[in-house]
Each structure stands twice: as C-alpha cells, then as structure tokens.
Amino acid sequence: MISIRIEDLYDRYAHLLYRRCLALLGNPADAEDALQEVFVRAMRAADSFRGESEPSTWLYRICTNHCLNLIRSSRRRRLRQERRGQDPNLITHTTAEQVENAAMIRELLPAFDRKAQELAIYYFVDEMNQQEVAEAMGLSVPTVRKRLKKFIAKAQKILSKGADFDHPAQK
Amino acid sequence: MTIQLRNEEHPSRHLLSRLLAGDLDDKERGTTEKHVSSCSECKDLLVRIKVELESFHTSHNKENFLAQVKELAESTQTKHLAWWQLAWRPAGLLAAAAMIVALMLFSIQHLPEDPDTRMKGSGIELGLFVMEGSEAKITDPSQLRHPGDRIQFHLTAPAGGYLHLLGIDEAGVLSVYFPRPGAAHESYPGGAARPVPGSVILDDTLGRERVFVLICAEAMAPDELLARVRSLSGDPQQLLEAQELDLDCRQASVLITKEAK
C-alpha cells in the first residue's frame, strides 16, 4: 500500500483542482465546497490507493466525478449562480477568454456522455495536451485526438444552433 | 469561439502548473525549463500561472482547510442498518410486511432494462427497494437516490450459494454490506425475488456507487472479501467502472447515483 500525505496532495494539486472546480461550477463558493469535498473523499479513500496510477490521476478522477455530478443538478445550480453572481475579485487572474470558454464547456457538457465529458475537462478546462489526456485516461493519443475531434464537431453543431446556451456576458 | 484543437508545440498549461507546484521529475523539469527559457509566450504564461498559484495560497489557509477535511472525513462514515436491526421495530415490521407484498407482486414482472446494470451468470437479476416510511417501493436502480435513503436489494438467482454484497463509491471507498462482521453467514438458498439481508442507509457521498452481488461456492468474511476485491485493481475507480469482478462467483451489479436533496 502506498502512503499518501494529504498535505502533499494539497501543496501540489489543490490550486489545479480549485481552478478546475471554478471553471466547471462557475462560482467561487461552489468551487470551495467542491474542493473540500474532493479532499474529504480522497482522505477517506487513501487507504485503498495502491499507487498503480499517479496520485494526480486518482485525485483528478475524484474531482471530475464530483463536479460532473454537481453539474447534473444544473438547473438548481444555475438558479444559485444567478442569485450569487460571479465574484470578479476571486478570479481576476483568469482571462475573459478563459471565463468565456469555461462557461461554454460547462453548458456543453450535459450533451455528452461521461467519457466525452471527462476528455473535454482534461483538454479544455485543465488545458492538458493530447499526450497528457491520453495518460490520464489510459487511452492512446490517436484515440484522444479522434474523440476530441468528435467532441468539437458536436459542440460546434450545438453552438451553431444557438440552443439555450447562456453566455455570461449576456447576463 | 475557441473550442478547437490547440497547437501543441509549447508545453501545456497543465505542465507549467505542475512545474511551479514541484510535481515534475528531473527530466521533465529540465526539458520544460529549457523550452520556457527561450520562449516568451511560455514565460508570460508561467508568470500568469505563478500569480494565480500565489493568489490561491494567499486566499486559502492550508492548515484550516486540512483540519476541516480531516474532521469531515472522520465524521462522514457510512451508516448501515442490518435487516434484523430494522425488523424488530414496529415500523420495521410494517416495512418488512410491505416488502413481502411488493415482492409477491414484483415476482411476476421483469426488471427494467438498464445499461448500467450488469448481470453475469445465468438468470441472476438484482433489483432495488426504497423504504419510504413503512412502505417498500420497488424502484428502477438507475433512478437518482439521495443521502439518507434506506434501500434494500432483492435478488432472483436460480441457484444458491454464499451471498456477498459490496459497494464502491466514487471516493474509491469499498463497503461490505453483507455479510456483516461477526454475524452468521449461512448459505443463500436462491429463488425468485428474495430480499438480500441487510438494508442500507445511503451516506452523503454524492455520485455513483456500484453495488456488486456475488454468489460464491465459498463464504468470505468481510475482511477477506475486501482484500480479494482490492487485489483485483490498484485503482478503485476502475472497480467502479468494472461492471463485474474477476472473481469465480456468479454475480450481478447495479449502478446507483446519489444526488443531494
């Protein structure tokens, strides 16, 4: 059994996980809650971690699953976001383009299956390259590329229809 | 609109973040630093990430955060109620009676088709009851559940054996629901739509949980079962996705998804 120090996980990955939670959930308060929940789950599962995957991969997967489950309750979440609004002070280092892209991905994700959602989060939210995505998901690079192209094609179709996509700047 | 493939001639943002967090080995760090030293675009990005990283650590108190995490991790343990704990209470008796009636009605029906439900072996079907007050309601296993729900499984198995019930959630936590530690583990007779001993109150870990029912030729104690299952994969998440376990038992599994109320 591999020993994992929760303090080390925090030092190395907390800011990355927070950035991902913020991008996926859309507001700092929910991102804080999600980050805490990810670490709680990691701590509870630490005994069963055997080191056959990287701690980062393991932690990212917990985070992905948790955030996707939260996004699934998107209607309730959207109402809360509208009440709270975005807090610009806490995301000042994120560019407008990143905020826009994150909102776009957040809205697109429910139209895809779980594997495609995971892929999109690694590539578009975490901004991994295709090799890193392949390693994180246990896929080959050509498979990742093929699935990304498929994701993009479907995403563009959805966006071109102008479905009920909520652009943050329009609110 | 920037939902498109990126040019990958530069290190990824993710890699640069890991560089700053000290998460790269010597070789990766050397290669990345060499590129950054001669690339103004990557230097700029590295500065932005550094500011973001410092901002995160300034606005987050690590000690407080970890103290809260430890407290929560220790306080949110799964609570189980065994069927015999349920049955001695008057409400529990009513629930048990309601369940038997429901089972009789249900035994002439087929379980709904569910892509997340996996049955291995001949004729094993796994279904789910949700206890609502004194009522036991048959429910589609794929229907969303909530923390605090009391559930019980029912099983149709053409042949008996030693029954084992365990779940793995998205935190990677494995829980043995049956047999209970120290309790008698008698052979399960098989048959149509029998309740699996032991009801479970769902804990507050949201997300998916895969529950496996194993009917084996030999009985395994909870510790032994956990050790056997853990030996199958070092990554608990793989078990969650596995649908079936590489154990010499007839088995079925069902995926439950928990959502906040």
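Parameters at a glance
- Residues numbered from 1 in each chain as written.
- Chains lettered and ligands numbered in written order.
- Predicted model: local features only at pLDDT ≥ 70, side-chain atom pairs only at ≥ 80, totals over all residues.
- Heavy atoms only, no water.
- Axes fitted to C-alpha atoms, helices over the stretch in contact; angles between N-to-C directions.
- Helix = DSSP H or I, 4+ residues; strand = E, 2+ residues; numbered from the N terminus.
- Parallel < 35°, antiparallel > 145°, perpendicular 65-115°, else oblique.
- Left-handed = near helix turned anticlockwise from the far one by under 90°.
- Contact = heavy atoms within 4.5 Å.
- Buried area = accessible area lost by both parts, 1.4 Å probe.
- Salt bridge = Lys/Arg side-chain N within 4 Å of Asp/Glu carboxyl O.
- Polar contact = N/O pair within 3.5 Å; in protein donor to acceptor, adjacent residues only side chain to side chain.
- Nonpolar A, V, L, I, M, F, W, Y, C, P; charged D, E, K, R; others polar.
- Phe/Tyr/Trp six-rings, centres within 6.5 Å; stacked < 30°, edge-to-face > 60°.
- Buried < 20%, exposed > 50% of the residue type's maximum accessible area, 1.4 Å probe, protein only.
- Lys NZ or Arg CZ within 6 Å of the ring centre and 35° of its normal.
- Disulfide = S-S within 2.5 Å.
- Expected span 1.5 Å × (residues − 1).
- Pairing = 2+ DSSP bridges.

S.K.: Teacher, can you tell me more about the packing of helix α1 (residues 13-20) of chain B against helix α3 (residues 40-59) of chain B here?
M.R.: Two packed helices can be described by the angle between their axes and the distance between those axes. All names here are of chain B. Between α1 and α3, the shortest axis-to-axis distance is 10 Å and the interhelical angle comes to 55 degrees. By the angle between their directions, the pair α1 and α3 is classed as oblique. Relative to α3, the crossing made by α1 is right-handed. Contacts between α1 and α3 involve Arg 13, Leu 16, Ser 17, Leu 19 and Leu 20 from the former and Cys 42, Leu 45, Leu 46, Ile 49, Lys 50, Glu 52 and Leu 53 from the latter.

S.K.: Explain the interface of chain A and chain B to me, please; I cannot follow it from the model alone.
M.R.: By convention, interface size is frequently given as the accessible area that disappears when the constituent parts associate. Contacts between the two partners involve 58 residues from chain A, matched on the other side by 55 residues from chain B. Interface area, chain A with chain B, both sides summed: about 5500 Å², of which 57% is carbon and sulfur. Counting every contact that joins chain A to chain B gives five salt bridges. Residue B:Glu170 pairs with A:Arg114 through a salt bridge whose shortest N-O separation is 3.2 Å. Our enumeration of links across chain A and chain B arrives at 15 residue pairs in polar contact (both at pLDDT 80 or more). Taken together, the elements giving at least two residues each to the side of chain A that touches chain B come down to α1 (6-25), α2 (28-45), α3 (55-72), α5 (96-108), α6 (114-125), α7 (130-137) and α8 (141-161) of chain A. Along the lines of polarity and charge, the residues of the side of chain A that touches chain B split into 24 nonpolar, 15 polar and 19 charged.

S.K.: I tried to follow the packing of aromatic side chains on my own but got confused; where do I start?
M.R.: By the definition in use, this model includes nine aromatic pairs over all chains. Between A:Phe112 and A:Phe151, the ring centres sit 4.1 Å apart and the planes meet at 25 degrees, which makes this aromatic pair stacked. Here A:Phe112, found in the loop between α5 and α6, pairs with A:Phe151, found in helix α8; they are 39 residues apart in sequence, far enough to count as distant. By relative accessible area, which is 10% here, A:Phe112 ends up buried. An aromatic cluster of three or more residues is present, and its members are A:Tyr10, A:Tyr18, A:Phe39, B:Phe56 and B:Phe65. One Lys or Arg, A:Lys154, reaches over the ring of A:Phe112 and ends 4.8 Å from the middle of that ring. Its guanidinium or amino end placed over the ring of A:Tyr123, B:Arg6 lies 3.9 Å from that ring's centre, counting from NZ or CZ.

S.K.: Sorry if this is basic, but what is going on with the state of the cysteines here?
M.R.: Here, the word disulfide means a covalent bond between the sulfur atoms of two cysteines. In this structure the tally under the stated criterion is one disulfide over all chains. Two residues share a disulfide in this structure: B:Cys216 and B:Cys249, whose sulfurs sit 2.1 Å from each other. The sign of the S-S torsion, about 105 degrees, decides the handedness of the disulfide formed by B:Cys216 and B:Cys249: right-handed. Residue B:Cys216 is located in strand β10 (residues 207-216), and its partner B:Cys249 is located in the loop between α8 (236-242) and β11 (250-258); the two are separated by 33 residues in the primary sequence. Considered together, B:Cys216 and B:Cys249 belong to a single accessibility category, that of buried residues. With no disulfide of its own, A:Cys21 has A:Cys63 as its nearest cysteine by sulfur position, at a separation of 3.7 Å. Looking at B:Cys42, it has no disulfide partner, and the nearest cysteine sulfur is the one in B:Cys39, 3.5 Å off.

S.K.: Looking at this structure, I do not really get unusual backbone geometry. What am I missing?
M.R.: Glycine aside, residues mostly have negative phi, and peptide bonds are mostly found in the trans state. Omega for the peptide link from B:Phe178 to B:Pro179 comes to 5 degrees, which places this bond in the cis form. As for its position among the elements, B:Pro179 is in the loop between β7 (174-178) and β8 (191-195). Of note, A:Glu127 is a non-glycine position whose phi angle comes to about 60 degrees, a positive value. For A:Glu127, the position within the fold is in the loop between α6 and α7.

S.K.: Sorry if this is basic, but what is going on with the environment of B:Val130 here?
M.R.: All names here are of chain B. In this structure, Val 130 sits in strand β3 (residues 125-132). Judged by relative accessible area, Val 130 falls into the buried class, the value being 4%. Between the C-alpha atoms of Val 130 and Pro 141, which are eleven residues apart in sequence, the distance is 9.7 Å.

S.K.: What should I look at first to understand the pattern of salt bridges in this one?
M.R.: Proximity of charged atoms lets side chains of opposite charge pair with each other. Residues and elements named next belong to chain A. Counted under the stated rule, the structure contains 17 salt bridges over all chains. Two residues, Arg 20 and Asp 126, come together in a salt bridge whose shortest N-O distance is 2.5 Å. Here Arg 20, found in helix α1, pairs with Asp 126, found in the loop between α6 and α7; they are 106 residues apart in sequence, far enough to count as distant. Residue classification places Arg 20 among the buried residues on the basis of a relative accessible area of 0%.

S.K.: Just checking my understanding: could you explain α2(A) for this structure?
M.R.: Residue pairs three or four apart in sequence face the same way in an α-helix, which turns once every 3.6 residues. Across its 18 residues, α2(A) extends 25 Å between first and last C-alpha, which sits within 8% of the 26 Å expected from 1.5 Å per residue. Most of α2(A) is tucked away, with 13 of its 18 residues classed as buried.

S.K.: Before we go on, may I ask you to explain the pairing of β10(B) in this structure?
M.R.: The side chains of a regular strand alternate between the sheet's two faces. Residues and elements named next belong to chain B. With respect to burial, β10 is a largely interior element, ten of its ten residues being buried. For strand β6 (residues 162-169) and β10, the ladder comprises eight bridges, and the chain directions are antiparallel. Across the sheet, the residue bridging to Asp 169 is Glu 209, located in β10. Where β10 lies against β11, nine bridges are found, and the strand directions are antiparallel. Across the sheet, the residue bridging to Val 211 is Val 254, located in β11.

S.K.: What exactly am I supposed to notice about α1(B) here?
M.R.: Residue and element names in this part refer to chain B. Of all eight residues in α1, seven are buried; the element is thus mostly enclosed. Residues of α1 that are buried include every one of Arg 13, His 14, Leu 15, Leu 16, Ser 17, Arg 18 and Leu 19, and no others. Looking one or two places after α1, you find Gly 22, whose phi comes out positive at around 75 degrees.

By themselves, these are just geometric observations and shouldn't be taken as functional.
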